[in-house]
Amino acid sequence: MSAGRSVDGYHCEVVARSPDAAGEWYLATTCADTPDDALDWLHRQAVRLADVLDAAPDDQAEEQRQYAAPVPTVFREWTTDTEFRAVQCAALADGHPISANARGPDRVCGAGAGDVEVLYSLAARPILRPVLAPFGSSSVDHR
């Protein structure tokens, strides 16, 4: 953890970005008290996002082939990886940000011909605050 700082919770967010469409959309955000709470929330959001993207018409099968895995698959697999969850939980507890990311063609607006790519990010980071010295304990130069 950063010297002279303590963790005051965890900021969590779900963001969709599309450089092709010149947009960035915050889909959900919350503050969590513990690393476990943060990952629980992110996992629920990952499943929610996967369900929404699965519900979109699958008329872009050709565009999906350029990606290693469809976005819903990436996020569902992430939520079931208990070993990686432990790694991410420990990273948050140590004061480091974590994320799960996937990219794919636009499946919501149907921009056509797969020419618009969307980057999805589920992330959490510690909210750090300075640790103040007790009143009267600081050294002051009395010159």
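Scroll up to find the structure this text is about.
Residues numbered from 1 in each chain as written. Predicted model: local features only at pLDDT ≥ 70, side-chain atom pairs only at ≥ 80, totals over all residues. Heavy atoms only, no water.

## Things to note about the overall build of the chain
Definition in use: The numbering of helices and of strands both runs from the N terminus, where a helix is a DSSP run of H or I of at least 4 residues and a strand a run of E of at least 2. Relative accessible area decides the class of each residue, using a 1.4 Å probe on protein chains only: under 20% of the type maximum gives buried, over 50% gives exposed, and in between gives partly exposed. In this description, contact between two residues means that some pair of their heavy atoms is separated by no more than 4.5 Å.
Within the chain, the regular secondary structure consists of four helices and four strands. For the chain, the N- to C-terminal ordering of α and β elements is β-β-α-α-α-α-β-β. Among the 143 residues that make up the chain, the fraction classed as buried is 38%. A separation of at least 24 residues holds for 67% of the contacts in the chain among residues at least 6 apart in sequence.

## Here we look at the environment of Val-7
Counting through the fold element by element, Val-7 comes out in strand β1 (residues 5-18). With a relative accessible area of 22%, Val-7 lands in the partly exposed category. Note: C-alpha distance between Val-7 and Pro-130 (123 residues apart in sequence) is 8.9 Å.

## Details of the environment of Val-118
In this structure, Val-118 sits in strand β4 (residues 117-130). Under the relative-accessibility criterion, Val-118 is labelled buried at 7%. For the pair Val-118 and Ser-18, spaced 100 residues apart in the sequence, the C-alpha separation amounts to 4.7 Å.

## Re the nonpolar core
Which entries qualify depends on this criterion: Note on terminology: a nonpolar core comprises buried Ala, Val, Leu, Ile, Met, Phe, Trp, Tyr and Cys residues joined through side-chain atoms within 4.5 Å.
The biggest cluster of nonpolar side chains holds 26 residues, and the ones touching the most others in it are Cys-12, Ala-38, Leu-42, Phe-75, Ile-98, Tyr-120 and Ala-124. Contributing elements (two or more residues each) for this core: β1, β2 (23-32), α1 (35-55), α3 (71-80), α4 (82-93), β3 (98-105) and β4. Top contributing element to this core by residue count: α1, with seven residues. Setting aside anything within four residues of it in sequence, one finds Ala-38 in contact with Tyr-10, Cys-12, Ala-32, Leu-92 and Ala-124.

## A closer look at α4
The test is simple: Helix span, expected: 1.5 Å multiplied by one less than the number of residues in the helix. In the analysis that follows, any N or O atom pair within 3.5 Å is treated as a polar contact, provided that within protein one partner can donate a hydrogen and the other can accept it, and provided that, for residues neighboring in sequence, both atoms belong to side chains.
Counted at 1.5 Å a residue, the expected span for α4 with its 12 residues is 16 Å, and the 16 Å between its end C-alpha atoms agrees. Between the side-chain oxygen of the N-cap and the backbone nitrogen of Glu-83 there are 3.4 Å, and the N-cap of α4 in question is Asp-81. Two residues or fewer after α4 comes Gly-95, characterised by a positive phi angle close to 95 degrees.

## Describing the state of the cysteines
As a reminder of what qualifies: A pair of cysteine sulfur atoms is labelled a disulfide when the two atoms are within 2.5 Å.
Under the counting rule described, the total for this entry stands at zero disulfides. Cysteine Cys-12 shares no disulfide, and the gap to the nearest cysteine sulfur, in Cys-31, comes to 7.3 Å.

## Brief notes about the pattern of salt bridges
Applied cut-off: Salt-bridge detection follows one rule: a side-chain nitrogen of Lys or Arg within 4 Å of a carboxyl oxygen of Asp or Glu.
Under the defined criterion, the tally for this structure stands at seven salt bridges. Across the pair Arg-85 and Asp-40 runs a salt bridge, and its minimum N-O distance is 2.7 Å. Placement of Arg-85 in helix α4 and of Asp-40 in helix α1 is noted, with a sequence separation of 45 residues between them. We classify Arg-85 as buried; its relative accessible area is 19%. Among the ionic pairs, Arg-76 bridges to Asp-51, the shortest N-O distance being 2.5 Å. Taken together, the residues Arg-76 in helix α3 and Asp-51 in helix α1 connect sequence positions 25 residues apart. With a relative accessible area of 29%, Arg-76 lands in the partly exposed category. Because the salt bridges share partners, they merge into one network encompassing Asp-36, Asp-40 and Arg-85.

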